[in-house]
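Understanding the architecture of this molecule
Each chain, letter by letter, is given below.
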Amino acid sequence: AKGHASNTRPQWYPGLTNESSFADFQAHLHYCYWSRCPMPCASTRQQKCEMVDRFWSSDNCQDVTEGNCYNNVKWAVDTGIKLKPEWYPGLTEQSSFRQFQFRLFQYGVSDCKEPCCHDAQPGERCHEDAAWAMMYGINIPEISHAYPPSLTNESDFAEFQAYLHVCYPDRCP
């Protein structure tokens, strides 16, 4: 979208320009195209869809703040990772609350919903794909055209993950 579609179909991207961040475009796709993209973890100016007759429902995700799922995530963060680190492969004591919530969501624990944003962790297919794209794919002339111009060697991991989510939502959260 950034760099091409925003120029050829500006009505699809109101308020966005080539200077807008990748996170702004991802948030726009999140709000205006329902579940096509998760909300970016990076900060963004986009807080709603500016397109007429478009809206987003957060029914598919939830950042828990109370209840049984919250209590289980809190226990995992504060106690579980210390007592049973083997229960949380790829996570450490430095992992975020959302990363633990995502792991409990994967395990089907306590009716935990998928958090509204998730950073891929080592061992997850998305992490492997994004790391490969960052280190190799973007630099291979025969396939580098598959990546949008906004992705460069200077782009961060979250930007690669967000792009792969658009292309492969089943493989990348």
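This text follows the structure it describes.
The structure contained in this document is the topic of the report that follows.

Reading guide: rules and limits
- Residues numbered from 1 in each chain as written.
- Predicted model: local features only at pLDDT ≥ 70, side-chain atom pairs only at ≥ 80, totals over all residues.
- Heavy atoms only, no water.
- Helix = DSSP H or I, 4+ residues; strand = E, 2+ residues; numbered from the N terminus.
- Buried < 20%, exposed > 50% of the residue type's maximum accessible area, 1.4 Å probe, protein only.
- Contact = heavy atoms within 4.5 Å.
- Areas by Shrake-Rupley, 256 points an atom, 1.4 Å probe, with all protein chains shown as cover.
- Core = buried A, V, L, I, M, F, W, Y, C linked by side-chain atoms within 4.5 Å.
- Phe/Tyr/Trp six-rings, centres within 6.5 Å; stacked < 30°, edge-to-face > 60°.
- Arc of directions from axis to C-beta.
- Patch = residues over 30% accessible without salt bridge, like charges linked within 9 Å, V, L, I, M, F, W, Y side chains within 5 Å.
- Salt bridge = Lys/Arg side-chain N within 4 Å of Asp/Glu carboxyl O.

On to the overall build of the protein, then. Per the secondary structure count, the protein includes six helices and zero strands. Put simply, the protein runs from its N terminus to its C terminus through helices and strands in the order α-α-α-α-α-α. Burial analysis of the protein (173 residues in total) assigns 40% to the buried set. Partitioning the intrachain contacts of the protein with sequence separation of at least 6 by distance along the chain shows that 38% fall at a separation of at least 24. Accessible surface, the protein as shown: approximately 10000 Å² in total, 52% of it carbon and sulfur.

With that settled, consider the nonpolar core. With 13 residues, the main nonpolar core has Ile138, Tyr147, Leu151, Phe160, Tyr163 and Leu164 as its most contacted residues. Mapped onto this core, the elements with two or more residues apiece are α5 (125–135) and α6 (157–167). Filtering out sequence-adjacent residues up to four positions away, Tyr147 remains in contact with Trp132, Ala133, Gly137, Ile138 and Tyr163. With 10 residues, the next largest nonpolar core counts Val64, Cys69, Tyr88 and Leu104 among its residues.

Turning our eyes to something else, we now look at the packing of aromatic side chains. Under the counting rule described, the total for this entry stands at six aromatic pairs. Here the aromatic rings of Tyr70 and Phe97 are separated by 5.4 Å at their centres, their planes lie at 35 degrees, and the arrangement is tilted. Of this pair, Tyr70 sits in helix α3 (residues 67–83) while Phe97 sits in helix α4 (residues 97–107), placing them 27 residues apart in sequence. When its relative accessible area of 28% is taken as the criterion, Phe97 is described as partly exposed. Relative to Trp87, the ring of Trp75 has its centre 6.4 Å away and its plane inclined at 40 degrees; by these criteria the two rings are tilted. Of the two residues, Trp75 sits in helix α3 while Trp87 sits in the loop between α3 and α4, which places them 12 residues apart along the sequence. Classification of Trp75 as partly exposed rests on a relative accessible area of 38%. Look at Trp87 and you get partly exposed, because its relative accessible area is 43%. Each member of the aromatic cluster is reached from another via a ring pair, and the members are Trp75, Trp87, Tyr88 and Phe100.

Looking now at α5. All of the buried residues in α5 are Cys126, His127, Asp129, Ala130 and Ala133. For α5, the arc enclosing every buried residue in end-on projection is 165 degrees, short of the 170-degree limit, so these residues lie on one face.

Right, let's get into a nonpolar patch on the surface. Residues Trp132, Met135, Tyr136 and Ile143 make up a contiguous nonpolar surface patch of about 400 Å² in total accessible area. Note on placement: Met135 falls in helix α5.

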